[in-house]
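Fold and contact review
Residues per chain, in single letters:
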Amino acid sequence: MKATKLLTTASIGALLFGMSAAAQSANWRYAHEEFEGDVQDVFAVAFKEYIEENSDNTLQIYRFGELGESDDIMEQTQAGILQFVNQSPGFTGALIPEAQIFFIPYLLPTDEETVLRFFDESVAINEMFPELYAEQGLELLKMYPEGEMVVTLDEPFTAPEDLRGKNIRIMTNPLLSETYRAFGATPTPLPWGEVYGGLQTGIIQGQENPLFWIESGGLYEVSPNLVFTGHGWFTTAMMANQDFFNGLSEEEQHLVRDAAGHAYSVTIEHISGLAEESLAKIQEASDEVTVTRLTEEQIQAFRERAPQVEERFVEMTGERGAELLEQFKADLEAVTGE
Ligand code: 6CS
């Protein structure tokens, strides 16, 4: 009798302990826009490892297509179905117009080291953007660059005139349309899932993306002429549902911020040299690929069209956008010394 009672007490104790442990640990869900091993996945995996090594929580990663397109995973995060999401301003621009700042051409320099310092130190990135995301119920944890944008087309080009009549796929934000219109092309906003097929069937004649993605998504197979225009970087952002984040204990909020900081460092290390490696893989895989690096003079013809896009940005975003732009430029000056 005594033994039974002891056992019962012990098992109830174990059960209660298990229950309380279970109540304290959670399985969080995190979706991003890319495939296994791509830049956003490197970030997500490093984030997951940090969370799981430093807490009892677990994290489930969902990659491109598992829960839908980029807009779907953002909706799921705002609805609280997902706790974390990585969505790029190329898509968020429709929700947070100021995020379109990354599509003003020739605002960011091409030099990787300067760009990385900018993301680390920028007040616009690290202080102003979190407030804009918060208005949409999102806790912005990190913004980071993935790689310099390279345009791919059905034929090489060196001047805006060459883009006349070309349907260039862009991510779905209105300012990018302005950019490609200014460049002389016909902008065609499409979600990612339609890009490869669109190029293959000739509905679109080109698109822009960083080299790792052109390689990993096999875009060079259907759009083999790569042109370095130097007009911008692919930037992305990782965030949490804000109600979820605010409901965490202070300790867990620290854990999440530290995990994002750790994932950022791992990702920045990953992207260094990635563009060159990806280009080598592309050239190894295809004889059809051409690479055109525009000269300073050729770039000038595109750069001259940037001010009209900047004006449109300010028209679209008003005073707040203008303030953000001013800070963005001041932050850039601080890292370039110009
Ligand atoms: O072009 C796109 O839509 C995709 N490009 C990259 C580099 N990441 C995800 C995004 O959906």
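Check the entry above for the structure.
The structure reproduced in this document is the subject of the present report. Predicted model, so just to flag it, every value in this text is computed and none were measured.

With that settled, consider the nonpolar core. Ranked by internal contacts, the top residues of the largest apolar core, which has 103 residues, are Phe47, Phe84, Ile101, Phe129, Tyr133 and Phe328. With nine residues, strand β4 (residues 138-153) is the largest single contributor of residues to this core. Apart from residues lying up to four places away in sequence, Phe47 is in contact with Tyr30, Leu59, Phe84, Met238, Val256, Ala259, Ala260 and Ala263.

The buried count for helix α7 (residues 174-182) comes to seven of nine residues, which makes it a mostly enclosed element. Leu175, Leu176, Ser177, Glu178, Thr179, Tyr180 and Ala182 are the residues of α7 that are buried. Packed against the buried residues of α7 are β4, β5 (167-170), β6 (186-189), β7 (206-210) and α15 (306-336). Immediately beyond the C-terminal end of α7, within one or two residues, lies Gly184, with a positive phi of roughly 100 degrees.

With that out of the way, let us pick up the packing of aromatic side chains. Any aromatic ring pair is given by two values, namely how distant the centres are and how the planes are angled relative to each other. In this structure the tally under the stated criterion is 21 aromatic pairs. Centre to centre, the rings of Phe35 and Trp213 are 5.4 Å apart; their planes meet at 15 degrees, and the pair counts as stacked. Of this pair, Phe35 sits in the loop between β1 (27-31) and α2 (39-54) while Trp213 is found in helix α9 (residues 211-216), placing the two residues 178 residues apart along the sequence. Phe35 sits in the partly exposed class, given a relative accessible area of 31%. Look at Trp213 and you get buried, because its relative accessible area is 5%. Each ring, one from Phe157 and one from Phe302, has its centre 6.1 Å from the other, and the planes form 65 degrees; the classification is edge-to-face. With Phe157 in the loop between β4 and β5 and Phe302 in helix α14 (residues 296-303), the pair connects residues that are 145 residues apart, well separated along the chain. Residue Phe157 shares its accessibility class with Phe302, and that shared class is buried. Feature note: the residues Phe102, Phe118, Phe119, Phe129, Tyr133 and Phe328 constitute an aromatic cluster, connected by ring pairs.

This paragraph deals with the pairing of strand β8 (residues 225-228). Every second residue of β8 is oriented toward a common face, with Asn225 and Val227 on one face and Leu226 and Phe228 on the other, all of them buried. For β4 and β8, the ladder comprises three bridges, and the chain directions are antiparallel. Opposite Val151, over in β8, you have Val227 as the bridge partner. The pairing of β8 with strand β10 (residues 290-293) spans four bridges and is classified as parallel. Pairing of Leu226 across the sheet is with Val291, part of β10.

Analysis parameters
- Residues numbered from 1 in each chain as written.
- Predicted model: local features only at pLDDT ≥ 70, side-chain atom pairs only at ≥ 80, totals over all residues.
- Heavy atoms only, no water.
- Core = buried A, V, L, I, M, F, W, Y, C linked by side-chain atoms within 4.5 Å.
- Buried < 20%, exposed > 50% of the residue type's maximum accessible area, 1.4 Å probe, protein only.
- Helix = DSSP H or I, 4+ residues; strand = E, 2+ residues; numbered from the N terminus.
- Contact = heavy atoms within 4.5 Å.
- Phe/Tyr/Trp six-rings, centres within 6.5 Å; stacked < 30°, edge-to-face > 60°.
- Pairing = 2+ DSSP bridges.

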